[in-house]
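Summary of structural features
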Amino acid sequence: MTTPDPASHPGAKRRRRANGDASREKILDAAAEIAGERGYEGTSISRVSERSGLPASSIYWHFKNKDELIAAVIDRSFHSWVSSMHPVADTPTSSSGADALRDSLRRTGKTLGQNPDFLRLGLMLILERRPDEPTARQKFLDVRRATLDNAQQMYATLFPELATTDHARLAALTIAAADGILIGHEIGDLDMTESFDLLTAAMLGAAERLRHESAIEARATDPIRTTHQRS
């Protein structure tokens with residue numbers, strides 16, 4: 001009779017998987033802390049090993065190199081941020097577009113302040129333009145595209161009378177402003193809540209400007225209406 005291998009028992013496999021997941025989270029926590037303190041350049045496998053209390057071999061078991069590790073930090077932070085947000089559809093139907101936008105951007109500011117790693121690290125990678133972190137850089141570009149798509153959908157839901165190109169312009173401007181607000185907050189010059197309230201006012205003004213431009217363009221391209229107005 002063959003004696004079962006204890007290591008092959010389902011319970012043992014679950015424990016190994018749980019231990020592996022816990023180790024991975026400790027590594028990501030340490031990497032995020034160090035990157036927040038020292039930036040990408042100052043983050044090293046040896047420092048992550050020291051901060052996490054895990055050997056470098058454990059880190060390399062989970063991640064091929066620092067580039068892949070930072071990409072995982074960005075990915076985890078981004079998904080943590082997304083999961084803490086609520087879709088526009090959760091806003092009561094009685095709310096106006098202005099109220100819904102204000103609520104959405106306030107949530108964005110609050111949760112971004114709680115999960116800043118993906119944006120902080122991503123902006124470092126984009127601005128420094130070094131060629132040695134392709135995985136982390138691409139991960140940031142991917143999550144940024146997802147953020148842009150979500151913002152565009154938000155504006156399409158709130159302001160359906162505007163054109164798709166206008167929704168895209170509003171989304172791009174919102175994300176660019178959010179970048180600047182986070183940088184200002186990191187420096188200590190800006191309060192996140194107040195700044196995102198001001199951003200709401202700015203975006204409502206921008207939406208109204210686009211609505212006005214669209215109305216002017218529609219009148220200019222409607223020969224029947226133009227002829228009637230002249231007569």
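Counted by the stated rule, this structure contains 15 salt bridges. Here Asp197 ties to Arg106 by a salt bridge, and the two come within 2.7 Å at their closest N and O atoms. Residue Asp197 is located in helix H9 (residues 192-220), and its partner Arg106 is located in helix H5 (residues 97-114); the two are separated by 91 residues in the primary sequence. A salt bridge links Asp179 to Arg144; the nearest nitrogen and oxygen atoms lie 2.3 Å apart. A residue pair is termed long-range when its members are at least 10 positions apart, and Asp179 in helix H8 (residues 164-187) and Arg144 in helix H7 (residues 134-158) qualify at 35 residues. Beyond isolated ion pairs, a larger network of salt bridges with shared partners links Glu25, Asp29 and Arg76.

With that settled, the discussion passes to the packing of aromatic side chains. Applying the stated criterion across every chain yields a total of four aromatic pairs. Judged by centre distance (6.1 Å) and plane angle (50°), the ring pair of Phe78 and Trp81 falls under tilted. Of the two residues, Phe78 and Trp81 are both situated in helix H4 (residues 66-84); the distance of three residues between them amounts to about one turn of the helix. Relative accessible area serves as the criterion here: at 10%, Trp81 is assigned to the buried category. Each ring, one from Phe78 and one from Phe118, has its centre 5.5 Å from the other, and the planes form 75°; the classification is edge-to-face. With Phe78 in helix H4 and Phe118 in helix H6 (residues 117-128), this residue pair connects regions lying 40 residues apart in the sequence. Here Phe78 falls in the buried class, since its relative accessible area comes to 6%. Clustering of aromatic rings is evident, with ring pairs tying together Phe78, Trp81 and Phe118. The ring of Tyr40 has Lys66 lying over it, and the distance from NZ or CZ to the ring centre is 4.2 Å.

Parameters and conventions
Residues numbered from 1 in each chain as written. Predicted model: local features only at pLDDT ≥ 70, side-chain atom pairs only at ≥ 80, totals over all residues. Heavy atoms only, no water. Salt bridge = Lys/Arg side-chain N within 4 Å of Asp/Glu carboxyl O. Helix = DSSP H or I, 4+ residues; strand = E, 2+ residues; numbered from the N terminus. Phe/Tyr/Trp six-rings, centres within 6.5 Å; stacked < 30°, edge-to-face > 60°. Buried < 20%, exposed > 50% of the residue type's maximum accessible area, 1.4 Å probe, protein only. Lys NZ or Arg CZ within 6 Å of the ring centre and 35° of its normal.

Take it as geometry only, folks, not as evidence of what the structure does.
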